Amino acid sequence: MIQKDIRVLVNYGIKTGLVPKEDEVYTANRLLELFGLDELEAAEETAQEPEGENSLEEVLGRMCDYAFERGILSENSVVYRDLFDTKIMGLLMPRPSEVIGRFHELYETESPVAATEYYYKLSQDSDYIRRYRICKDMKWIAPTKYGDLDITVNLSKPEKDPKAIAAAKNAKQSGYPKCLLCRENEGYAGRVNHPARQNHRIIPVTINGSQWGFQYSPYVYYNEHCIVFNFQHVPMKIDRAAFCKLFDFVKQFPHYFVGSNADLPIVGGSILSHDHFQGGHYEFAMAKAPVERQFTVTGYEDVAAGVVKWPMSVIRLSGPDTERMITLADVILNKWRGYTDEQAFIYAVTDGEPHNTITPIARKRGENYELDLVLRNNITTEEHPLGVYHPHAKLHHIKKENIGLIEVMGLAVLPARLKDEMAKLKAAILSGANLQEDAELEKHADWVKEFMPKYDKIDESNIDSIIEAEIGLVFMEVLEDAGVYKRTPEGQAAFDRFIHELG
């Protein structure tokens, strides 16, 4: 079977454009070497492109099985198999210079859209983005008073087995690459505590005069989910230069939005140590949300400004002149960094620790540009040790993790445990079981007790849609908790006090 699978995989490379026809024999020989084989036997039949039982997942799976049986693969768990099948796909990949050359050729002769479509397809065909895992994610739309929120239960990140966890713990700690975002990941073989990236390619981009890299997220939470990262391993920083970089990227790729996580713990993303942005070809609920009241900042009458109808506290700037928008955004950032309003429980600094920052998102809208500035604060208290402006304890049964850029814009990335819990919860509700007596489901009991009276009937025909809708409403509350100014008359009056301070 390994002989057939080599032929099938080479044919897949040719069909997808990863392997030029001229490289067919060369690629087959590289695969023979990997599997310790001396020759490629004559084909009994024409190798087909992977589909059905010969899907890419199936072919790579059989190749990993063969490698384990022959002692080429030392362990048969998902961590080791992922390292090995990435090595396999690396043999089909064009060199980085070829990918960069093709990207720039399409950008110059056709359009930015053509260039990103080529690169996105390559990132999937190479198995860097594992489509067969991404499709396992649970996804649905949840209507709310703020618009339709995107909900996803992340199932595409494989669970590590205990043996791999132990091996990672005992593995020599390496500083190469320094993190998952560093450019040194391109082509890297990986190890038990760091993913392989032989099938990964990076497009260099220059933004605001500095060298950055453009790539896609291997977990694609939305269409063409990209990451733009500094070629230097330097910490996240929200400042005027960050606004300049966001707009510089949008001008080069006007069909993409791009935003940055905040630069403080709790309200920032998972990687604060490496400066990066996230973007993509997608319109989130926040981008669709209207401006509910406009205001003008003295000296910046040419820049449209307003408060967005959104559970978090968002100021939207818009206009054709990005330089003016950047200058005003910098004024707002600096004012917010030092702003305290004890009445609204907003403190700029406590015990020498700064709390105020901004999550910015840039996009092009017709002939104008937009910049959304989401006000953030990471203060903690005894009552809310994970953060006052963070999902509160009553919502932790659904979402406990930090609210980063993606969630801010209206997409919930929920933990994998919810898949099984939702199935068990459905059965428990339909059978009338006492959730308080179930160790796994007890944390959902108060929530279920709260929403059940809203429905005249709950049965097999509507239970799934009810649970999905109610999870969506929990995520809406999560965003409201993360908002520094609440959606109440008092909260909005406090928001207006800050706006008044801008002049």
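Our structure's up above, just so we're on the same page.
Conventions used here
Residues numbered from 1 in each chain as written. Predicted model: local features only at pLDDT ≥ 70, side-chain atom pairs only at ≥ 80, totals over all residues. Heavy atoms only, no water. Pairing = 2+ DSSP bridges. Helix = DSSP H or I, 4+ residues; strand = E, 2+ residues; numbered from the N terminus. Axes fitted to C-alpha atoms, helices over the stretch in contact; angles between N-to-C directions. Buried < 20%, exposed > 50% of the residue type's maximum accessible area, 1.4 Å probe, protein only. Phe/Tyr/Trp six-rings, centres within 6.5 Å; stacked < 30°, edge-to-face > 60°. Lys NZ or Arg CZ within 6 Å of the ring centre and 35° of its normal.

A separate point is the sheet that holds strand β4 (residues 210-216). The strands making up a sheet associate through backbone hydrogen bonding, with each pair oriented either parallel or antiparallel. Spatial strand order, β3-β4-β5-β7-β6-β13-β14-β10-β9-β8: 10 strands in an open sheet with antiparallel pairing. The two strands at the open ends of the sheet, each matched to only one other strand, are β3 (203-207) and β8 (291-295). Recorded for the sheet is a direction-independent mean angle of 25° between the axes of neighbouring strands. Direction of pairing for strand β6 (residues 257-259) relative to strand β13 (residues 356-365): antiparallel, over a ladder of 2 bridges. Along β13, the bridge assignment pairs Gly 259 with Ile 361.

With respect to the helices, strands and loops of the structure, Lys 15 is situated in helix α1 (residues 2-16). Judged by its relative accessible area of 52%, Lys 15 is exposed. Spatially, the C-alpha atom of Lys 15 lies 44 Å from that of Pro 320, the residues being 305 residues apart in sequence.

So, about the packing of aromatic side chains. Applying the stated criterion across every chain, the model contains 33 aromatic pairs. Each ring, one from Phe 35 and one from Phe 84, has its centre 5.8 Å from the other, and the planes form 80°; the classification is edge-to-face. With Phe 35 in the loop between α2 (24-34) and α3 (56-69) and Phe 84 in helix α4 (residues 78-90), the pair connects residues that are 49 residues apart, well separated along the chain. Aromatic pair Phe 229 and Phe 231: ring centres 6.0 Å apart, planes at 55°, arrangement tilted. By the burial criterion, Phe 229 is buried, and Phe 231 matches it. One aromatic cluster is present, formed by Phe 103, Tyr 107, Tyr 119, Tyr 120, Phe 214, Tyr 216, Phe 249, Phe 253 and Tyr 256 through successive ring pairs. A cation sits over an aromatic face here: Arg 183 above Phe 231, 3.9 Å from the ring centre. Across the ring face of Tyr 369, the terminal group of Lys 251 is positioned such that the distance to the ring centre comes to 5.9 Å.

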